[in-house]
Structure formats: C-alpha cells, structure tokens
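# Chains, contacts and geometry: an overview
Next come the chains, spelled out residue by residue.
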Amino acid sequence: MSRSKRKWDHIQHALATGQNSNTGLEDIAFIHQSLPDAFLDQADLGTSIGELSLSSPIFINAMTGGGGERTVQINRDLALAARSTGLAMAVGSQMSALKDPGEAESYRVARRENPSGIIFGNLGSEATIDQAKAAVDMIEADALQIHLNVVQELTMPEGDRDFRGALKRIENIVSHSEVPVVVKEVGFGINKETVSMLASAGVTAIDIGGFGGTNFSRIENARRDRLLTFFNEWGIPTAVSIAEAASLGKDIAVIASGGIQTSHEIAKAIALGAGAAGMAGYFLKVLMKEGLEALIEEINNMNTELKVIMTALGAANIAQLQQSPIIITERTHHWLNERGIDTKAYSQRIIQK
C-alpha cells in the first residue's frame, strides 16, 4: 500500500473509530470559589510553551498531510481556522513529503494560508538531522514536533520494528535545530521517567499525547488480519500523563493532548500542570462533518468558555489557572499515588495573586 493511501485510510479510520473519552480527566474536579475576585474581561489566555508565546492555550494538533489532494484541503482548512482564531497548529508527519516531494503541497498549504501564524513541523523519531532541517524549511516552521509512536508502528502491518537509538537521534536534532523541538506521543502517554530522559537530551517541551483520544492501535488493528487486541487498551491516561510530566518541575513545558474535547477538560489539563492543550480528533470531526465556519465558531466558543471557567475560579491568567485547587479521585488518584505523586498537594494549594 502506498504511503499516500495509508494516510487517507488513517483519516477515515480515525473518524470511524472516534475517541475513547477515557482520559482520566473525569476524575478531576475544581474546588468551587464563592469569592473569586475576578473580572471576565480581564481573563488572559496568553501562554508560553518553551520559547513560543501563544495567544491561547488551545492549539490544533498534528493530524495529516501526505495523502494527496484530500489532505491538502484538510490542512488548508485547518490553517484558515488557525489564522481566524489565532491558534497555533501542527501538521502531520512530513516524512511523506521527504520521500515523495509531490506530497509537499499538502504541508506547504498551511504556511501559505497562515503566513504569520505559529506552525509546528512534524517527523518521527527515526528522522535524521538533515530531514529535520528539511521539514522545518518546507513550511517555515516555528517549532518541530518529533512524534513517538512505538505501539502504532508495532500494530501497523508494514510498520517499523526497530526503535534503537531514538533518544540519541532526538538529542542530535535538538542540538542542531534552529527552532524549538517538541517531543510528542501519539495516544499512549509519556511517563515521568521518559520525560526526564528527554529533558536530559535537551528537549524543553513535551506533548504527552495520553490514552483516551484517537486510538491508533485500533486504527492499525482495523488493517490487520490477526489483531493485536492487547494494544487497544494500552497506554497512560491523559490526566495521569500530564501530572507525571508536570511532577518534574518547570524546566520542561507540558502540552496536554489525548481525547480532550471541551473547554472544561482544557481547564482541568492546565490545572494538572499543562501550559497548553492540543486537539486533533475532535477538531477533525467538526471540520469534516460541519465545515470550516463551524470549526471556527467552536474554537471561538471554547476560548470564551475557558475565560468563563477561569473567572469562576478566580484565575486571571493561565499561570493562575495552573495553581487552581483540584480534587483528584478514582483511578487517577490511585495511579498517581502509586507512582509517588502527591495528589493532596493539588487540593491544598491556593492561587497566588
């Protein structure tokens, strides 16, 4: 099967399988504030991810590219939505275009339609320094995502089977890159030990890509004769992975992703320690089923709702939202405590103004 055909199959399977919505964010609750001392119009959504300053913590995460004209249209529309709403966006893996230059247009369209926006390039951990530079140059990227997708590759009938040397390759890319490098999981979560190794390699931002969103093992199993069903429930839930990554401190920026679909879930992710939240599957569904204008309206509504939530909590900005007291219950509470992360500390804190 051609890489282009596989890319389009991934889009179709993603829409068909949907999202698990078992992110662990259902185990997180804000502690109500009756005297928030806040003003809605003063709520500031600005945030930073490493060296990048964003006007909103919401961004359009990597989805596609390299699948012919249909993926050109998707990335064109996503770029138009990003331009209209001021969001950052990431393109899908650019390896397709590096192997077949004819596919480059499906990525370049994002920069052409959003010339002043923040756009992330994207490659897998098998990439070389030269490939990383070519991916950045292709779309004049402001940052480069390096995605980790071991379980997807192992489930993919024609996927990679050798993952040796990935950390060293990432370290080399970081040391030679002229733009920030973000390491991203693709739906199976990142634990704190992995985050620590990546930080030691010079990575300053992690997109945890937790379990609970688009399930790439289910997508790849749909393309197999003999199913690897044990991978369908494999991974670290989004809420757990955010807290694990954030437990290492402020030296590494945390991006939440993996099944996030609402402004309330974005707020919870930030309270767990994320500085931004990436959304892919949900935005793709809105775009494909309702169109570009509906997607723009949804993003604008989510930004407004996030400000409403911040005002109810007494948080004037994203840094204060990160300090909001929360209660962690059920499986997420158990998992974090087993991993040595103090859940009580989240419930006892107060917003410093």
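Since this is a predicted model, take the numbers as computed values, not measurements. (Residues numbered from 1 in each chain as written. Predicted model: local features only at pLDDT ≥ 70, side-chain atom pairs only at ≥ 80, totals over all residues. Heavy atoms only, no water.)

## Considerations on the UniProt feature "binding site: FMN" (unreviewed entry) in the chain
This is how it is decided: UniProt positions are given in the numbering used here, feature names are shortened, and annotations may be inferred rather than shown by experiment. Should any heavy atoms of two residues lie within 4.5 Å, those residues are considered in contact. Strands here mean DSSP runs of E at least two residues long; helices mean DSSP runs of H or I at least four residues long; both are numbered from the N terminus.
The sites that UniProt annotates as "binding site: FMN" (unreviewed entry) are Ala-62, Met-63, Thr-64, Ser-93, Asn-122, Lys-184, Thr-214, Ala-280 and Gly-281. Here Met-63 is in contact with Leu-78, Ala-90, Val-91, Gly-92, Met-279, Ala-280, Phe-283 and Leu-284, once residues within four sequence places are set aside. Mapped onto the secondary structure, Ala-280 falls in the loop between strand 11 (276–279) and helix 12 (281–290). Apart from the residues within four sequence positions on either side, Ala-280 is in contact with Asn-61, Ala-62 and Met-63.

## Things to note about the nonpolar core
Here is the rule: Side-chain atoms within 4.5 Å are what join buried Ala, Val, Leu, Ile, Met, Phe, Trp, Tyr and Cys residues into a set we call a nonpolar core. For the exposure calls, accessible area comes from a 1.4 Å probe over protein chains only, and a residue counts as buried if that area is under 20% of its type's maximum, exposed if over 50%, partly exposed in between.
Membership of the largest hydrophobic core comes to 89 residues, with the highest contact counts inside it found for Ile-60, Met-89, Ile-206, Ile-266, Leu-272, Phe-283 and Leu-321. Of all the elements, helix 13 (residues 292–313) adds the most residues to this core, at 10 residues. Those residues in contact with Leu-272 that sit more than four places away from it in its chain are Leu-25, Ile-28, Ala-239, Ile-242, Ala-243, Ala-246, Ile-326, Ile-328 and Tyr-346. Counting residues in each nonpolar core, the second largest holds 14 residues, with Ile-49, Leu-54, Phe-59 and Phe-120 among its members.

## A look at the pattern of salt bridges
For clarity, the threshold we go by: We count a salt bridge whenever a side-chain nitrogen from Lys or Arg sits within 4 Å of a carboxyl oxygen from Asp or Glu.
Going through the model one piece at a time under the given rule, you end up with 12 salt bridges. When the shortest N-O distance is used, the salt bridge between Arg-164 and Asp-162 registers 2.7 Å. What makes Asp-162 partly exposed here is its relative accessible area of 44%. In this structure, Arg-218 and Glu-233 form a salt bridge, with 2.6 Å as the shortest nitrogen-oxygen distance. Highlighted residues: Arg-218 in helix 9 (residues 216–221) and Glu-233 in the loop between helix 9 and helix 10 (238–246), separated in sequence by 15 residues. Within the structure, one salt-bridge network assembled from shared partners comprises Glu-158, Glu-220 and Arg-223.

## A look at the side chain of Thr-238
Tracing the backbone shows Thr-238 in helix 10. Relative accessible area serves as the criterion here: at 0%, Thr-238 is assigned to the buried category. With residues up to four places along the chain from it excluded, the contact list for Thr-238 reads Thr-23, Ile-208, Gly-210, Phe-211, Ser-257 and Gly-258.

## Points about the UniProt feature "binding site: Mg(2+)" (unreviewed entry) in the chain
UniProt's entry tags Glu-153 with the feature "binding site: Mg(2+)" (unreviewed entry), counted in the numbering of this structure. If we ignore the near neighbours within four places in the chain, the residues touching Glu-153 are Gly-159, Asp-160, Arg-161 and Phe-163.

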